[in-house]
Amino acid sequence: MAIDSTSTTIEQLLTPERIGPYDGAGRLAVVAMSGGVDSAVTALIMRERGYRVVGMNLRLFSPADPVHSVNPCCGIPAMDDARATCQVIGVPFYAINMEAEFGEAVIERFVNEYAEGRTPNPCLECNRHVKFTHLVHRAKLLGADCLATGHYARILHDGDRHSLHRAIDARKDQSYVLHTLSPEQLAFIQFPLGNLTKPEVRQLARHFGLPVADKEESQEICFVGKSSYADFVAKRRPDVTKPGQIVDEAGIALGEHQGLVHHTVGQRRGIRVAGPSPLYVLQLDTGTNQLVVGPRDRAVASVITADDISFTDGSWPDLPFEADAVVRYRGVPSPCRIVPGARGEAVVSLTGDASTRPIASPGQAIVFYLQDEVLGGGTIRTVEREAATIGQSAKGAQ
RNA sequence: UGGCGAGUGGUGAAACGGUAUCACAGAGGCCUUUGGAGCCUUUGUUUCAGGUUCGAAUCCUGGCUCGCCAG
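The rules we used
Residues numbered from 1 in each chain as written. Chains lettered and ligands numbered in written order. Predicted model: local features only at pLDDT ≥ 70, side-chain atom pairs only at ≥ 80, totals over all residues. Heavy atoms only, no water. Near = heavy atom within 4 Å. Polar contact = N/O pair within 3.5 Å; in protein donor to acceptor, adjacent residues only side chain to side chain. Nonpolar A, V, L, I, M, F, W, Y, C, P; charged D, E, K, R; others polar. Buried < 20%, exposed > 50% of the residue type's maximum accessible area, 1.4 Å probe, protein only. Helix = DSSP H or I, 4+ residues; strand = E, 2+ residues; numbered from the N terminus. Pairing = 2+ DSSP bridges. Core = buried A, V, L, I, M, F, W, Y, C linked by side-chain atoms within 4.5 Å. Contact = heavy atoms within 4.5 Å. Axes fitted to C-alpha atoms, helices over the stretch in contact; angles between N-to-C directions. Parallel < 35°, antiparallel > 145°, perpendicular 65-115°, else oblique. Left-handed = near helix turned anticlockwise from the far one by under 90°.

J.: I keep staring at the protein's contact with RNA strand B and nothing clicks. Help me out?
T.: Taken together, 36 residues lie near RNA strand B, and His151, Gln267, Arg328, Arg330 and Ser361 sit nearest. Within the contact set of RNA strand B, a base nitrogen lies 3.5 Å away from a side-chain nitrogen or oxygen of Asn121. Within the contact set of RNA strand B, a sugar or linking oxygen lies 2.7 Å away from a backbone nitrogen or oxygen of Gln267. A breakdown of the residues in the surface near RNA strand B according to their chemical character gives 13 nonpolar, 13 polar and 10 charged.

J.: Sorry, what's going on with the pairing of strand S11 (residues 290-294) here?
T.: The side chains of a regular strand alternate, residue by residue, between the two faces of the sheet. Along S11, 5 of the 5 residues are buried, which leaves the element largely enclosed by surrounding structure. Where strand S8 (residues 244-247) meets S11, 2 bridges bridge the pair, whose relative direction is parallel. Bridge pairing in S11 links Ile246 to Leu291. Inspection of the sheet shows strand S10 (residues 280-285) paired to S11 by 5 bridges, in the antiparallel sense. Looking across to S11, one finds that Leu284 is bridged to Leu291. Where S10 folds back onto S11 in an antiparallel hairpin, the turn is made up of 4 residues, including Asn289, whose phi is positive at roughly 55 degrees.

J.: I would appreciate a short explanation of the nonpolar core in the present structure.
T.: Proteins that are soluble and globular tend to have nonpolar side chains buried together. One finds Phe102, Phe191 and Phe223 to be the most contacted residues of the largest nonpolar core, which totals 53 residues. Among the elements of the structure, strand S1 (28-32), strand S2 (52-59), helix H5 (99-115), helix H6 (122-141), strand S5 (153-158), helix H7 (183-188), helix H9 (229-236) and strand S16 (365-370) are those that each provide at least two residues to this core. In terms of residue count, H5 provides more of this core than any other element does, 8 residues in total. Among all residues touching Phe102, those that are not within four sequence positions of it are Leu60, Phe61, Ile107, Cys126, Val130, Cys222 and Phe223. Counting 34 residues, the second largest nonpolar core, distinct from the first, contains Ala29, Ala82, Ala167 and Leu196.

J.: Please clarify how the packing of H5 against H9 should be interpreted in this entry.
T.: The packing of two helices is summarised by the inter-axis angle and the distance between the axes. Between H5 and H9, whose axes approach to 10 Å, the crossing angle comes to 90 degrees. The angle between H5 and H9 falls in the class roughly perpendicular. Where H5 approaches H9, its residues Ile107, Phe110, Val111 and Tyr114 are matched on the opposing element by Tyr229, Phe232, Val233 and Arg236. Taken together, the residues of the contact of H5 with H9 break down into 7 nonpolar, no polar and 1 charged.

J.: What's the story with the environment of Val367 in this structure? I'm lost.
T.: Counting through the fold element by element, Val367 comes out in strand S16. Judged by its relative accessible area of 0%, Val367 falls in the buried class. Residues Val367 and Ile338, 29 residues apart in the sequence, show an inter-C-alpha distance of 11 Å. In this view, Val367 contacts Tyr176, His179, Asp324, Ala325, Val326, Val374, Gly376 and Gly377; residues no more than four positions away in its chain are not counted.

J.: Just checking my understanding: could you explain the sheet that holds strand S3 (residues 93-97) for this structure?
T.: The strands making up a sheet associate through hydrogen bonds between their backbones, and the pairing can be parallel or antiparallel. Spatially, 5 strands are ordered S3-S2-S1-S4-S7 in an open sheet, and the strand pairing comes out parallel. With partners counted over all chains shown, the strands left at the sheet margins are S3 and strand S7 (189-190), one partner each. As defined by bridge partners, S1 adjoins S2 across 5 bridges and the pair is classed as parallel. Counterpart to Val31 in the pairing with S2 is Gly55.

J.: Even after reading the chapter, I still don't get the packing of H5 against H6, so can you show me in this structure?
T.: Running from N to C, H5 and H6 point in directions that differ by 160 degrees, and their axes come no closer than 9 Å. As judged from the angle between their axes, H5 and H6 are roughly antiparallel. Handedness of the crossing formed by H5 with H6: right-handed. Contacts between H5 and H6 pair Glu101, Phe102, Ala105, Val106, Arg109 and Phe110 from the former with Pro122, Glu125, Cys126, His129, Val130 and His134 from the latter. Of the residues contributing to the contact of H5 with H6, the split by class is 7 nonpolar, 2 polar and 3 charged.

J.: I keep staring at the environment of Ile338 and nothing clicks. Help me out?
T.: Within the secondary structure, Ile338 sits in strand S14 (residues 334-340). Exposure remark for Ile338: the relative accessible area of 1% places this residue in the buried category. Through-space distance from the C-alpha of Ile338 to that of Pro320 is 5.3 Å; in sequence the pair is 18 residues apart. Here Ile338 is in contact with Pro320, Phe321, Ala323, Ala346, Val347, Val348 and Phe368, once residues within four sequence places are set aside.

J.: Explain unusual backbone geometry here, please?
T.: Phi is mostly negative for residues that are not glycine, and the peptide bonds are mostly trans. The phi angle at Arg330 is positive, at roughly 60 degrees, despite the residue not being glycine. Within the secondary structure, Arg330 sits in the loop between strand S13 (321-326) and S14. We classify Arg330 as partly exposed; its relative accessible area is 45%. A positive phi angle, close to 55 degrees, is found at Gln371, a residue other than glycine. Within the secondary structure, Gln371 sits in the loop between S16 and strand S17 (373-385).

If you want it as structure tokens, here you go:
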């Protein structure tokens, strides 16, 4: 209610405290335009703050693909929306082709990860490799002073130190998928929506007559669309839909699955095995093509090994330290102890009470927080669950 | 085949002779720039044929099916 759109005036929103300093002074800002409200308002804000704005839309996959006609995020209609928005705001619009980069960094990786029995996060990879690597590079080639995107997160600057923080709108906070950012990237990037709430962003969009003001949120994987991601993967790796056994931790067969690609650790629905209590996926065993399931309390993680870890300050810690771990977009933070290994690798012990520990899936990101600040994060490689129940098969963790 | 026991939604179970209940699975919705979780709603059941009874999942008889025990 307090967060409702009508409670704040446009004048109150257009202050430096909410949208950032009016420091443009004619400098060039490239704005990544997805076609949605968030990026549209981002472009608007940068213009208001005195920047020369160029709106850029990324073409990420082939327009011949029929998913383009339905997808609201990265398809052809989305590009039209982005173009129309730029027209209303009065800034130039560029469409650039990043199909090759996206195909390699996101789609190929996505398919490979599933084929390995892991659960990838393509949005994160797109941020990491496409938006904040290739797009940043393009922006710099154009002589831009910054790249602005519509992500909900905050970057704070203290001299040479640039830190990444949660957005003030906890409901929309996207810092989880931004944890890969380096100090150099944080110095160049701007997130003008980090101090606004979603209703406020829509309020701004409506006030300035942006055509996308009331556009629905995008969801689902952009290059897959509303159809099944499993079908998408299966088209490229037919073996991922090979049926196999569903077994419990003791190895007793409970049923048959229609391909490991349909499952992820922690999943409950869709197992199609009835029992006295709900069954959760504990493990995907690509070696035996078996799906290991068990009760919920057997699924919670105790120790996670991760790789591809980076820290937002660019450093690598020498000593173990404590932080909060988040293993899922919008997930609940869980206290942990991080023991760094070789650069990029660490062993993370979840130190909280078992009932509060999360269920973690290999392939997903683990992100470290200290209050609102993102320290860094990496990719979950292995998950140890509770110590195996005495007397039961030791097949559990691995 | 002889003896015993059991048959309740797709699955596992509950119901002094008195509204067939619960969990899991399935469906729909909320949530959500990944995949899961979670929350709300919802479809669907008494093995068959007779009988007793105001009233049968429940008691009786028979059939069928499935288990266990049978030198």
